[in-house]
Amino acid sequence: MQPLPLDSDLARYERQADQLLNAARGGDARAAQVLRGELHELRQLSDAAIGTRVTPQDARLALARWYDFESWKGLAAWVVEVTDESSRVGRFERAVEAIIDGDEESLTRILQSDPELIQMRSRRRHQATLLIYVGANGVEGYRQRTPKNAVRIAELLLDAGADIEAVGTMYGGTTTLGLVATSVHPVITGVQEALMEFLLARGASFEGAVAPDYTDGFLVNACLANGRPGAAEYLFERGAPVNLEGAAALGKLDVVQTYFEADGRLKPSATQTQVRRSFKWACQYGRRAVVEFLLQKGVPLGQRIEGETGLHQAALGGQSAVVDLLLRNGAPTDVRDAEHHATALGWALWGWSHPSPEGQHPDYYDVVRRLVAAGAPVESEWLIDEDVRKDSRMVAALTANGAAR
């Protein structure tokens, strides 16, 4: 799947939809992945099942949604506008291209020729402004890119009159700061902290940065939920508020303790659900002191918390010290999560094969050794996995306790 040029007519999109359809019917796994990702009703089907079920209408709808339109009709209407040289839609889209490419000269020229573009919103589902595209998050997937000069691009947009608190409809409503803080792309480029610093200096607010029904509206929590602990710590140090869950994930034991009475009872300002989530997040991010404190408050070790146990999360994060603590307290190793039906050992292998871009160095080898030694079942398919076979340390960790089942 490659995005078509902005001057493409509808016939080219129709041909692309036909190509998607034919590829899926021919058993192409990439085509099935696109269809599965865009059409909810296909998400539980195998590649083969999708190939036999997919229709031309399915392919068109999936393609429209891949371009971030709700329907084929919406895509077709946009094509008419974007290919009209007199339409502002085309100029807006070219400005977006300049933003994600880091093309300061083109962006400056476009904004000078049509200053009103700075307040315009995309015709796509997310309704992003030009500034929101700097967040590299929640917009069309192929446009989620962060150039090295993203701070300068943001500066050009704000100097041109962009609203720093403009909210896109993605994720229930998010500002540019919320998108930057939770996105992996500025992390990979190495400019996330600089972008957040710049946006805060220009007046971006913590309040309203993420939707109130997402992580209860706490930006720090949103960072943690998206695997961005560096951003969470940075924002917390600059005054971003947290609740019990955020404090636990950051390892702020003194803050966590304020949610409990002197006799150990939970204060009315927090709920038992939050306590269980706090335990899970503390496990994931290796906050051993917080995990130990919450265990003393009676958090059950073997109980699944919204689908998985604390041991699953500690294993996923490669948190050896927390895994050791949980196992010594009797955490069962054979519990499977609700969605993937995998054990904590399976989660550890997933985390090992999908490393964080934030430069962390968790000890997955020690985690795997500890889980295997504690009796975690080793699936035979893991030992023939290509990535595992190429890593003698992982093979040794998985086979340290005997044969796989």
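Residues numbered from 1 in each chain as written. Predicted model: local features only at pLDDT ≥ 70, side-chain atom pairs only at ≥ 80, totals over all residues. Heavy atoms only, no water.

(A) View of the overall build of the protein chain. Helix and strand content of the protein chain: 24 helices and zero strands. Taking the principal axes of the C-alpha coordinates as reference, the protein chain spans close to 70 × 55 × 35 Å. Taking all 405 residues of the protein chain together, the buried fraction comes to 51%. The contacts in the protein chain between residues at least 6 apart in sequence include a share of 65% that link residues at least 24 apart. Taken as two groups, the 43 positive and 54 negative side-chain charges of the protein chain have centres that lie 3 Å from each other. (Helix = DSSP H or I, 4+ residues; strand = E, 2+ residues; numbered from the N terminus. Buried < 20%, exposed > 50% of the residue type's maximum accessible area, 1.4 Å probe, protein only. Contact = heavy atoms within 4.5 Å. Lys, Arg positive; Asp, Glu negative; His and termini not counted. Charge placed at Lys NZ, Arg CZ, Asp CG, Glu CD.)

(B) Up close: helix H6 (residues 88–101). Over its 14 residues, H6 extends 20 Å from the first C-alpha to the last, a length consistent with the 20 Å expected when each residue adds 1.5 Å. Looking at H6, one finds that the buried residues are Val89, Gly90, Phe92, Glu93, Ala95, Val96, Ala98, Ile99 and Ile100. As for H6, its buried residues are in contact with helix H5 (72–82), helix H7 (104–113) and helix H8 (150–159). Taking the backbone nitrogen of Val89 as reference, a side-chain oxygen 3.1 Å away marks Ser87 as the first, capping residue of H6. Gly102 sits one or two residues past H6 and shows a positive phi near 70°. (Expected span 1.5 Å × (residues − 1). Polar contact = N/O pair within 3.5 Å; in protein donor to acceptor, adjacent residues only side chain to side chain.)

(C) Expanded view of the packing of helix H2 (residues 29–38) against helix H4 (residues 56–66). Closest axis-to-axis distance for the H2/H4 pair is 9 Å, and the angle between their directions is 75°. Overall, the two elements H2 and H4 adopt an arrangement that is roughly perpendicular. Taking contact as the criterion, the partners of Val34, Leu35 and Glu38 in H2 are, on H4, Asp58, Ala59, Ala62, Arg65 and Trp66. (Axes fitted to C-alpha atoms, helices over the stretch in contact; angles between N-to-C directions. Parallel < 35°, antiparallel > 145°, perpendicular 65-115°, else oblique.)

(D) How the structure looks around unusual backbone geometry. The phi dihedral of Asp68 falls on the positive side, at around 75°, and the residue is not glycine. Mapped onto the secondary structure, Asp68 falls in the loop between H4 and H5. Overall, Asp68 belongs to the buried group, its relative accessible area being 10%. Notably, Tyr171 is not glycine yet its phi reads approximately 55°, a positive angle. In this fold, Tyr171 is placed in the loop between H8 and helix H9 (176–182). Take Tyr171: its relative accessible area is 47%, and that puts it in the partly exposed class.

(E) Fine view of H2. Residues of H2 that are buried: Ala31, Ala32, Val34, Leu35, Arg36 and Glu38. Against helix H1 (10–25), helix H3 (47–53) and H4 lie the buried residues of H2. The N-cap residue of H2 is Asp28: its side-chain oxygen and the backbone nitrogen of Arg30 are 2.8 Å apart.

(F) Examining the layout of surface pockets more closely. Here the largest pocket defines a volume of roughly 750 Å³. As for the largest pocket, its lining consists of 34 residues, of which Leu224, Gly227, Gln284, Tyr285 and Leu316 are closest to the centre. For the lining of the largest pocket, the secondary-structure elements that each account for two or more residues are helix H12 (219–225), helix H16 (272–284), helix H18 (310–316) and helix H20 (344–353). Residue contributions to the lining of the largest pocket peak at four residues, all from H16. Split by residue class, the lining of the largest pocket holds 12 nonpolar, 13 polar and nine charged. Here the second largest pocket defines a volume of roughly 490 Å³. In terms of lining, the second largest pocket is formed by 20 residues, of which the most central are His340, Ala342, Gly346, Trp347 and Trp350. Among the elements of the structure, H20, helix H22 (380–383) and helix H23 (386–389) are those that each provide at least two residues to the lining of the second largest pocket. (1 Å grid on protein atoms, 1.4 Å probe; cavity = no way out; pocket = protein on both sides within 12 Å on 5 of 7 lines; lining within 4 Å. Points joined across faces, edges and corners; volume = space filled by probe spheres on them. Nonpolar A, V, L, I, M, F, W, Y, C, P; charged D, E, K, R; others polar.)

(G) Examining the pattern of salt bridges more closely. According to the stated counting rule, one finds 33 salt bridges in the structure shown. Across the salt bridge formed by Glu237 and Arg238, the nearest N and O atoms sit 3.6 Å from each other. For Glu237, a relative accessible area of 55% puts it in the exposed group. Residue Glu292 is joined to Arg288 by a salt bridge in which the shortest nitrogen-to-oxygen separation is 3.5 Å. With Glu292 and Arg288 both in helix H17 (residues 288–296), this residue pair falls four residues apart, about one helical turn. Owing to a relative accessible area of 33%, Glu292 belongs among the partly exposed residues under this scheme. Because the salt bridges share partners, they merge into one network encompassing Glu93, Glu97, Arg124, Glu140 and Arg143. (Salt bridge = Lys/Arg side-chain N within 4 Å of Asp/Glu carboxyl O.)

(H) Representation of the nonpolar core. If you look at the biggest cluster of nonpolar residues, it comprises 130 residues, and the most contacted ones within it are Leu157, Leu235, Phe279, Leu326, Leu371 and Met394. With sequence-adjacent residues up to four places away left out, Met394 is seen in contact with Leu349, Trp352, Tyr364, Tyr365, Val368 and Val388. (Core = buried A, V, L, I, M, F, W, Y, C linked by side-chain atoms within 4.5 Å.)

(I) Local environment of the environment of Ala397. Of note, Ala397 is situated in helix H24 (residues 392–398). Of the residues examined, Ala397 reaches a relative accessible area of 1% and is grouped as buried. Counting along the chain gives 218 residues from Ala397 to Leu179, while the straight-line C-alpha distance between them is 38 Å.

(J) Seen up close, the environment of Arg228. Along the chain, Arg228 turns up in the loop between H12 and helix H13 (229–237). A residue is classified by how much of its surface remains accessible, and Arg228, at 6% relative accessible area, is buried. Each C-alpha atom, one on Arg228 and one on Phe218, is 14 Å from the other, the two residues being 10 residues apart in sequence.

(K) Representation of the packing of aromatic side chains within the structure. In the structure shown here, the tally under the stated rule is six aromatic pairs. The interplanar angle of 75° and the centroid separation of 5.2 Å between the aromatic rings of Tyr13 and Tyr67 together place this pair among those described as edge-to-face. Of the two residues, Tyr13 is situated in helix H1 and Tyr67 in the loop between H4 and H5; the sequence distance between them amounts to 54 residues. By relative accessible area, which is 1% here, Tyr13 ends up buried. Residue class for Tyr67 comes out buried when judged on its relative accessible area of 1%. Seen in terms of ring centroids, Phe260 and Phe293 are 5.4 Å apart; in terms of plane orientation they differ by 85°. Their pairing is edge-to-face. Here Phe260, found in the loop between helix H15 (253–257) and H16, pairs with Phe293, found in helix H17; they are 33 residues apart in sequence, far enough to count as distant. Both residues of the pair, Phe260 and Phe293, belong to the buried class. A network of ring pairs unites the aromatic residues Tyr13, Trp66, Tyr67 and Tyr142 as a single cluster. It is Arg124 that lies over the ring of Trp78; its NZ or CZ is 4.7 Å from the centre. (Phe/Tyr/Trp six-rings, centres within 6.5 Å; stacked < 30°, edge-to-face > 60°. Lys NZ or Arg CZ within 6 Å of the ring centre and 35° of its normal.)

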